[in-house]
Amino acid sequence: LDVLRPILNNQDLLRKQGSAPKMIAPPLAVLRVFRMELLRAARRDRTWWIRTIYITVLGTVVALSWLAECSGSRVWTEQESIGQSLFTNFAWVQFVCLNAAAALALCGAISEERNRNTLEVLLSTRLSALEIAVGKLLGGLIPVGLLCVAGVPILFLLLVFGGLSPRMVASAFVLTLLSAAVTGAAALAFSGCFRRVTASFLTTVLFLWGLMLAAGP
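Fair warning: this is a prediction, and the values are worked out from it, not measured in the lab. (Residues numbered from 1 in each chain as written. Predicted model: local features only at pLDDT ≥ 70, side-chain atom pairs only at ≥ 80, totals over all residues. Heavy atoms only, no water.)

Participant: What is the right way to look at the overall build of the protein chain in this model?
Facilitator: The secondary structure content of the protein chain amounts to eleven helices and zero strands. For the protein chain, the succession of helices and strands along the chain, N to C, is α-α-α-α-α-α-α-α-α-α-α. Taking the intrachain contacts of the protein chain between residues at least 6 apart in sequence as the baseline, contacts between residues at least 24 apart amount to 85%. (Helix = DSSP H or I, 4+ residues; strand = E, 2+ residues; numbered from the N terminus. Contact = heavy atoms within 4.5 Å.)

Participant: What is the right way to look at the nonpolar core in this model?
Facilitator: In a soluble, globular protein the nonpolar side chains are often hidden away together inside. By size, the foremost hydrophobic cluster in this structure holds 38 residues, and its most contacted members are Phe-87, Phe-90 and Leu-158. Within the residue set of this core, elements represented by two or more residues are α3 (45-69), α5 (79-106), α7 (119-123), α8 (129-150), α9 (152-158) and α10 (166-191). Considering every element that reaches this core, the biggest residue donor is α5, with ten residues. Among residues more than four places away in sequence, those in contact with Phe-87 are Leu-155, Leu-158, Leu-164, Met-168, Val-169 and Ala-172. (Core = buried A, V, L, I, M, F, W, Y, C linked by side-chain atoms within 4.5 Å. Buried < 20%, exposed > 50% of the residue type's maximum accessible area, 1.4 Å probe, protein only.)

Participant: I tried to follow the side chain of Ser-191 on my own but got confused; where do I start?
Facilitator: Summarising the element assignment, Ser-191 is placed in helix α10. A residue is classified by how much of its surface remains accessible, and Ser-191, at 0% relative accessible area, is buried. Apart from the residues lying within four places of it in its own chain, the contact partners of Ser-191 are Leu-106, Cys-107, Gly-108, Ala-109, Ile-110, Ser-111, Arg-114 and Ser-200.

Participant: Explain the packing of aromatic side chains here, please?
Facilitator: Both the distance between ring centres and the angle between the ring planes are used here to describe each pair of aromatic rings. Applying the stated criterion to the full structure yields four aromatic pairs. With a centroid separation of 6.4 Å and an interplanar angle of 40 degrees, the aromatic rings of Phe-90 and Phe-173 are classed as tilted. Of this pair, Phe-90 sits in helix α5 while Phe-173 sits in helix α10; the two residues are 83 residues apart in sequence, bridging distant segments of the chain. Judged by its relative accessible area of 13%, Phe-173 is buried. With 5.5 Å between their ring centres and 65 degrees between their planes, Phe-190 and Phe-207 make a pair best called edge-to-face. (Phe/Tyr/Trp six-rings, centres within 6.5 Å; stacked < 30°, edge-to-face > 60°.)

Participant: What is the right way to read the packing of α3 against α8 from this model?
Facilitator: Angle between the axes and distance between the axes: these two values describe a pair of packed helices. At a minimum axis distance of 10 Å, the contact between α3 and α8 shows a crossing angle of 30 degrees. Accordingly, the angle class assigned to the pair α3 and α8 is roughly parallel. As α3 packs across α8, the resulting crossing turns out to be right-handed. Residues Ile-50, Arg-51, Tyr-54 and Ile-55 of α3 form the contact with α8, whose participating residues are Leu-146, Leu-147, Cys-148 and Ala-150. (Axes fitted to C-alpha atoms, helices over the stretch in contact; angles between N-to-C directions. Parallel < 35°, antiparallel > 145°, perpendicular 65-115°, else oblique. Left-handed = near helix turned anticlockwise from the far one by under 90°.)

Participant: What is the right way to look at the environment of Ala-133 in this model?
Facilitator: On the secondary structure map, Ala-133 appears in helix α8. On the accessibility criterion, Ala-133 (4% relative accessible area) is buried. In this structure, the C-alpha to C-alpha distance between Ala-133 and Ile-110, residues 23 residues apart in sequence, is 8.7 Å.

Participant: Help me out: how do you make sense of the packing of α5 against α8 in this one?
Facilitator: Relative orientation of the contacting elements α5 and α8 amounts to 150 degrees, with a least axis distance of 9 Å. Taken together, the axes of α5 and α8 lie roughly antiparallel to each other. At the point where α5 passes α8, the crossing takes the right-handed sense. Taking contact as the criterion, the partners of Gln-94, Leu-98, Ala-101, Ala-102, Ala-105 and Leu-106 in α5 are, on α8, Lys-136, Leu-137, Gly-140, Leu-141, Val-144, Leu-147 and Cys-148. The class makeup of the residues in the contact of α5 with α8 is ten nonpolar, two polar and one charged. (Nonpolar A, V, L, I, M, F, W, Y, C, P; charged D, E, K, R; others polar.)

Participant: So what exactly am I meant to see when it comes to the environment of Cys-193 here?
Facilitator: Relative to the helices and strands, Cys-193 resides in the loop between α10 and α11 (197-215). Taking the C-alpha atoms as reference points, Cys-193 and Ser-111, separated by 82 residues in sequence, lie 7.9 Å from one another.

Participant: I'm lost on the confidence of the model for the protein chain in this one. Help?
Facilitator: Detailed conclusions should not be drawn from predicted coordinates in areas where pLDDT is low. With 77% of its residues at a pLDDT of 70 or more, the protein chain has an overall mean of 76. Ranking the helices and strands of the protein chain by mean pLDDT puts α10 first, with 89, and helix α1 (residues 5-17) last, with 45. Across residues 1-25, where pLDDT falls below 50, the model places 30 contacts with residues more than four positions away in sequence or in other chains. (pLDDT = per-residue confidence, 0-100.)

In structure tokens:
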């Protein structure tokens, strides 16, 4: 949260001058920002478009993969292999889509407040910068988690083929959600550095791409 350090310094200065009220309980403060972000996300058309596109892309990729794998008698003799192949494609598409959704959901969390001239109003409340950041992060990640849940019915269709262990499925979902959380945190941090949402999103993508290259194959 280095990008929010000026905000913290501003709050500390107000407290030293005695012009800032006492802090409320941190969990309650985070929940207030969290609730605000959820209400905003529910009212955005972008949220519903992202869900529609996600389900469409995920279903299309799985359907095309099924058509490519189920050729001839292979559909009857190698069902477990087909199931594993379809789940691999499913997991990769879900991984990419949820990380992109996390970046889109949080790349404008702070810059949009600044552009609407509401950031100063938010900072004048009893909330600290950390509480604002955590509340916005959680509020942006909950819709991403709902996207993950939306893909579960497609996963149930893949279970018909067999070959999928609970450990394999759980590992894929946990890795995807943890990666989305890291992506969301990076997008939130860069949102405090830029006024434009596009700049925040592109910087987040480049940052994550650099991390992947640094991690190696």
